[in-house]
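Notes for the structure review
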Amino acid sequence: QVQLVESGGGLVQAGDSLRLSCAASGRTSNSYAMGWFRQAPGKEREFIAQIMWSSGSTYYADSVKGRFTLSRDNAKNTVYLQMNDLKPEDTAVYYCAASYSAFGTPKIYQSQYDYWGQGTQVTVSS
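Quick look at the structure, then. Treat the numbers as computed from the prediction; the structure is a model and nothing was measured.

This next bit is on unusual backbone geometry. For the peptide bond that leads from threonine 105 to proline 106, omega is -5 degrees, which places it in the cis range. Note that proline 106 resides in the loop between β9 (92-99) and β10 (115-116). Backbone geometry places aspartate 85, a non-glycine residue, at a positive phi of 50 degrees. With respect to the element layout, aspartate 85 can be found in the loop between β8 (78-83) and β9.

Take the side chain of threonine 120 next. Topologically, threonine 120 is positioned in strand β11 (residues 120-125). A relative accessible area of 11% means that threonine 120 is categorised as buried. A polar side-chain atom of threonine 120 sits 3.2 Å from the main-chain amide nitrogen of glycine 9. Setting aside residues up to four positions removed in sequence, threonine 120 forms contacts with Glu6, Ser7, Gly8, Gly9, Leu20, Ala92, Val93 and Tyr94.

Here the structure, examined in full by the defined rule, presents six aromatic pairs. Plain terms: the ring middles of phenylalanine 37 and phenylalanine 47 are 5.6 Å apart, the flat faces sit at 75 degrees to each other, and that makes the pair edge-to-face. Of this pair, phenylalanine 37 sits in strand β4 (residues 33-39) while phenylalanine 47 sits in strand β5 (residues 46-52), and the two are ten residues apart along the sequence. Each member of the pair, phenylalanine 37 together with phenylalanine 47, is buried. On the numbers, 6.0 Å between centres and 35 degrees between planes, the contact of phenylalanine 47 with tyrosine 59 is tilted. Taken together, the residues span a long stretch of sequence, with phenylalanine 47 in strand β5 and tyrosine 59 in strand β6 (residues 58-60) at a distance of twelve residues. Taking the relative accessible area as the measure of exposure, tyrosine 59 reaches 36% and is therefore partly exposed. Lying over the aromatic face of tyrosine 95, arginine 45 brings its terminal NZ or CZ to 3.8 Å of the ring centre. The residue whose ring lies beneath arginine 45 is tryptophan 116, and the NZ or CZ to ring-centre distance is 5.2 Å.

Moving on, we get to the nonpolar core. The biggest cluster of nonpolar side chains holds 34 residues, and the ones touching the most others in it are Met34, Trp36, Met83 and Tyr94. Elements that contribute at least two residues to this core include exactly β1 (2-7), β3 (18-26), β4, β5, β7 (68-73), β8, β9 and β11. If you tally residues by element for this core, the top one is β9, at five residues.

For the coordinates displayed, the defined rule picks out one disulfide. Cysteine 22 shares a disulfide with cysteine 96; S-S distance 2.0 Å. Looking down the S-S bond of the cysteine 22 and cysteine 96 bridge, the torsion is 60 degrees, so its handedness is right-handed. Highlighted residues: cysteine 22 in strand β3 and cysteine 96 in strand β9, separated in sequence by 74 residues.

Criteria and thresholds
Residues numbered from 1 in each chain as written. Predicted model: local features only at pLDDT ≥ 70, side-chain atom pairs only at ≥ 80, totals over all residues. Heavy atoms only, no water. Helix = DSSP H or I, 4+ residues; strand = E, 2+ residues; numbered from the N terminus. Buried < 20%, exposed > 50% of the residue type's maximum accessible area, 1.4 Å probe, protein only. Polar contact = N/O pair within 3.5 Å; in protein donor to acceptor, adjacent residues only side chain to side chain. Contact = heavy atoms within 4.5 Å. Phe/Tyr/Trp six-rings, centres within 6.5 Å; stacked < 30°, edge-to-face > 60°. Lys NZ or Arg CZ within 6 Å of the ring centre and 35° of its normal. Core = buried A, V, L, I, M, F, W, Y, C linked by side-chain atoms within 4.5 Å. Disulfide = S-S within 2.5 Å.

Take a look at the structure:
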């Protein structure tokens, strides 16, 4: 029904910026929100940010507030995660996910999402 593909990851230096993309295909009109999570080696997957498809309303985890910005292009069925002032602790595999539930916002738990992308690696060197 829905396929999500992340892109834009890579190797950067601390303080640099990077923009990740998540392209969605399928019945995206039924999706209410898109979320971003990340997982570092040996750690649990953590919530980063969420954006509502229709309104563009966003919600960010405290760890990325002021540095990361979510946006979306409805015509392209794509959401973007602009990451500024990257730090070594931002190194992780970044995943996007789609939620088909209109309830339970903000959606900060993995269980609130129905479809997941394969992830894209972001490595920040010091």
